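Geometric and topological summary
The residues making up each chain are set out below.
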Amino acid sequence: MDAVPSSSPQDSSSSPLYHLDMNHRDMANAIRALAMDAVQQANSGHPGMPMGMADVATVLFTRFLKFDPAQPDWPDRDRFVLSAGHGSMLLYALLHLTGYEDMTMEELRNFRQLDSRTAGHPEYGHAAGIETTTGPLGQGLANAVGMALAERLLNARFGDALVDHHTYVIAGDGCLMEGVSHEAISLAGHLRLNKLIVLFDDNGISIDGSTDLAVSDDQIKRFEASGWATAQVDGHDPEAVAAALEAARSSDRPSLIACRTTIGYGAPNKQGTAATHGAPLGAQEIAAAREELGWPHAPFELPDEILSAWREAGARGGAESAAWQARLDGSAAELRETFTRQMAGELPNGWQQALGAFKAEIAAEAPTVATRVSSQKTLEVLTAAIPEMIGGSADLTGSNNTKSKSQGVVAPGSFDGSYIHYGVREHGMAAAMNGIALHGGLIPYGGTFLIFTDYCRPSIRLSALMKQRVIYVMTHDSIGLGEDGPTHQPIEQLAALRAIPNLLVFRPADTIETAECWELALQAKDSPSVLALTRQGLPTIRKAGPENLSAYGAYIMVPADSERQVTLLASGSEVHVAMEAQKMLREEGISAAVVSVPCWELFEQQPPHYRDEVLGPGTLHIAIEAACPFGWERWIESGGGFVGMRSFGASAPAKDLFKKFNVTAEAVVDAVKTRF
């Protein structure tokens, strides 16, 4: 391994020189016993990985990891990610043993039970010390890349005294088989994220059996090809593991340590086989394992001396945590206040005033531009007012319009910029943005085409599940993108995204609504957002005002000029279509209101009386969207209709496509008249 001297301010309390008097084997066996007992009691789970990686985890948590269970949210703690989330009892056991207050023995007994903190896979927010939700393999590794990147970005802004920590990952064969792992390790290697250390549980076993049934990759060469430092060790030799970790901490590159382990270590008849992977060991095998390991204690029973040794290991970070707090308290007031505000996820003063002034300018100018351009204009204001916004794109910067003029580019060894070229790595980008958000202190946003949310979807879902403020800028949102054709034209994507709980899907109609949707996305601390934006130009149809009308999710854009007979509901580019249809219907003596629906999710949150005011119960409802109709039925009363897409698109100029697929004002008028 290449190595460079460490500049970490960590003191000896977090140094590998710290050793416990208690026998390493007994401490590791405590993890093994808790894992096999909890899985057995639940009659469900994965005991093999925790038993196999107990030695590695013991070395990491007792000698290297910088953490403080008494201050679990200490900003400068090392991040530990269990990417192999099926082995969750490894993490739960470690949290209990090291003294995290909310991870009680009762929680371990309730493993995988309703309302316990110990879910089948680690769930962010369920307990302190769980840094991210893992289980979908590879996601934790990719999240960790984002965490390590966030650490470097914040270090460039606040210095070593406040930000100088590592990100450690335990990943398994499955994590490295998943495609997102390729994107993640490639990005980490390119950016030389040297404070990222991956401990690979190289046990050669998957659920189906030996991994050579399906894979023959040389993982060492694979990581080296991506610019990582690598090492191979016996995962049951604590001194070899410690030496590899020490070398990795001094590397100028991210590091992979392949730890050769025996899955289910200590279970004499099942260890080293798939039988230990995803099922309880059984009472007979557990009894044999207790004898094999020299662990005569009853289930969930920990000898005082072993628990005390673990609690001593957990307490060793207290001095460094206190020293860090003293450094923060002694920092210059402006630096301290900015750091504290950003880590709390609060936005700076003045940003909404700047956005309001921008909206007034746009209303006066009334430009006809694509909403992707509207978004870029908005970002020019927001990134100047909110410097913790970290943008990026999956090799579509000029198409997504995600980079503002003020943003410098993040590059290998240079982290003072705020724009990341993620390359053609949509899934890795989305997962890394989750990691940036989870780390705290920064607000990530990133762009690609809306069609490629299919490549991002697993990570978008996890953004929503973990309640993370991640903003997805998804342009080219319909057949309006034109000539690139049906492979690139989203049809079902909006419906699929709207089906994800806790995800705000915005489809603004003009520049004013785009600015409002950005405001709402930034205010949504506990929800991710998707901004679906057009390639084609749209006229400004909204007047500026002090109120953010998009916050209602839907509102009457143009009221009926007499008693309402028809309600035209539309989003994005089709709001203008609805307004043209409204004029045509007026000439036919039919009174219609136009409702803009930029965000279904926010509209659903409004009180019933407001929804009724907007929807006009008893009127004929026609929804218009250049996408599939799925989901619109919730807003359309019986007898209503839908004007939009019922097939894939085609390759042609946008104006020709809207005519071909009858997403026009004339089609709306026909839909109304056939129902009258």
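Refer to the structure printed above.
My aim in this report is to walk through the structure given alongside it, one point at a time. (Residues numbered from 1 in each chain as written. Predicted model: local features only at pLDDT ≥ 70, side-chain atom pairs only at ≥ 80, totals over all residues. Heavy atoms only, no water.)

**Description of the pattern of salt bridges**
Across all of its chains, the model carries 28 salt bridges by this definition. Asp164 is paired through a salt bridge with Lys195; the nearest N and O atoms lie 2.8 Å apart. Placement of Asp164 in the loop between helix H6 (139–158) and strand S2 (167–172) and of Lys195 in the loop between helix H8 (179–191) and strand S3 (196–202) is noted, with a sequence separation of 31 residues between them. Between Asp561 and Arg586 there is a salt bridge whose closest N-O contact spans 2.6 Å. Of the two residues, Asp561 is situated in the loop between strand S14 (555–558) and strand S15 (566–570) and Arg586 in helix H22 (residues 574–587); the sequence distance between them amounts to 25 residues. (Salt bridge = Lys/Arg side-chain N within 4 Å of Asp/Glu carboxyl O. Helix = DSSP H or I, 4+ residues; strand = E, 2+ residues; numbered from the N terminus.)

**Details of the layout of surface pockets**
Size it by volume and the largest pocket reaches roughly 680 Å³. Around the largest pocket, the lining is made up of 33 residues, and of these Tyr124, Met343, Ala437, Leu438 and Gly440 lie nearest the centre. Mapped onto the lining of the largest pocket, the elements with two or more residues apiece are helix H14 (333–344), helix H18 (426–439) and strand S10 (443–449). Considered as a void within the structure, the second largest pocket measures approximately 340 Å³ in volume. Considering the residues around the second largest pocket, the lining is formed by 17 residues, among which Ser573, His576, Val577, Phe658 and Val663 are closest to the centre. Among the elements of the structure, H22, helix H25 (654–660) and helix H26 (665–673) are those that each provide at least two residues to the lining of the second largest pocket. With five residues, the top contributor of residues to the lining of the second largest pocket is H22. Within the lining of the second largest pocket, the residues separate by chemical class into seven nonpolar, five polar and five charged. (1 Å grid on protein atoms, 1.4 Å probe; cavity = no way out; pocket = protein on both sides within 12 Å on 5 of 7 lines; lining within 4 Å. Points joined across faces, edges and corners; volume = space filled by probe spheres on them. Nonpolar A, V, L, I, M, F, W, Y, C, P; charged D, E, K, R; others polar.)

**Some details on the sheet that holds strand S7 (residues 255–260)**
Strand order across the open sheet formed by five strands is S1-S2-S3-S7-S6, with parallel pairing between neighbours. Edge positions in the sheet fall to strand S1 (79–82) and strand S6 (229–234), since each of these pairs with one other strand and no more. Between one strand axis and the next, the sheet turns by 20° as a mean value, whatever way the strands run. With six bridges joining them, S3 and S7 adopt parallel strand pairing. Counted as the bridge partner of Ile197 is Ser255 from S7. (Pairing = 2+ DSSP bridges. Axes fitted to C-alpha atoms, helices over the stretch in contact; angles between N-to-C directions.)

**Observations regarding the packing of helix H3 (residues 54–64) against helix H10 (residues 238–249)**
Running from amino to carboxyl end, H3 crosses H10 at an angle of 55°, the nearest separation of the two axes being 9 Å. Judged by the angle between their axes, H3 and H10 are oblique. Crossing hand, H3 versus H10: right-handed. Within the contact between the two elements, H3 uses Val56, Val59, Leu60, Arg63 and Phe64 and H10 uses Pro238, Glu239, Val241, Ala242, Leu245, Glu246 and Arg249. Across the contact of H3 with H10, the residue classes tally to eight nonpolar, no polar and four charged. (Parallel < 35°, antiparallel > 145°, perpendicular 65-115°, else oblique. Left-handed = near helix turned anticlockwise from the far one by under 90°. Contact = heavy atoms within 4.5 Å.)

**Side note on unusual backbone geometry**
In the Ramachandran plot, Ala366 falls in the positive-phi region, its phi being about 50° despite a non-glycine side chain. Topologically, Ala366 is positioned in the loop between helix H15 (351–365) and helix H16 (371–385). Overall, Ala366 belongs to the partly exposed group, its relative accessible area being 40%. Even without being glycine, Asn401 reaches a positive phi, approximately 55°. With respect to the helices and strands, Asn401 occurs in the loop between helix H17 (397–400) and strand S9 (419–421). Residue class for Asn401 comes out buried when judged on its relative accessible area of 9%. (Buried < 20%, exposed > 50% of the residue type's maximum accessible area, 1.4 Å probe, protein only.)

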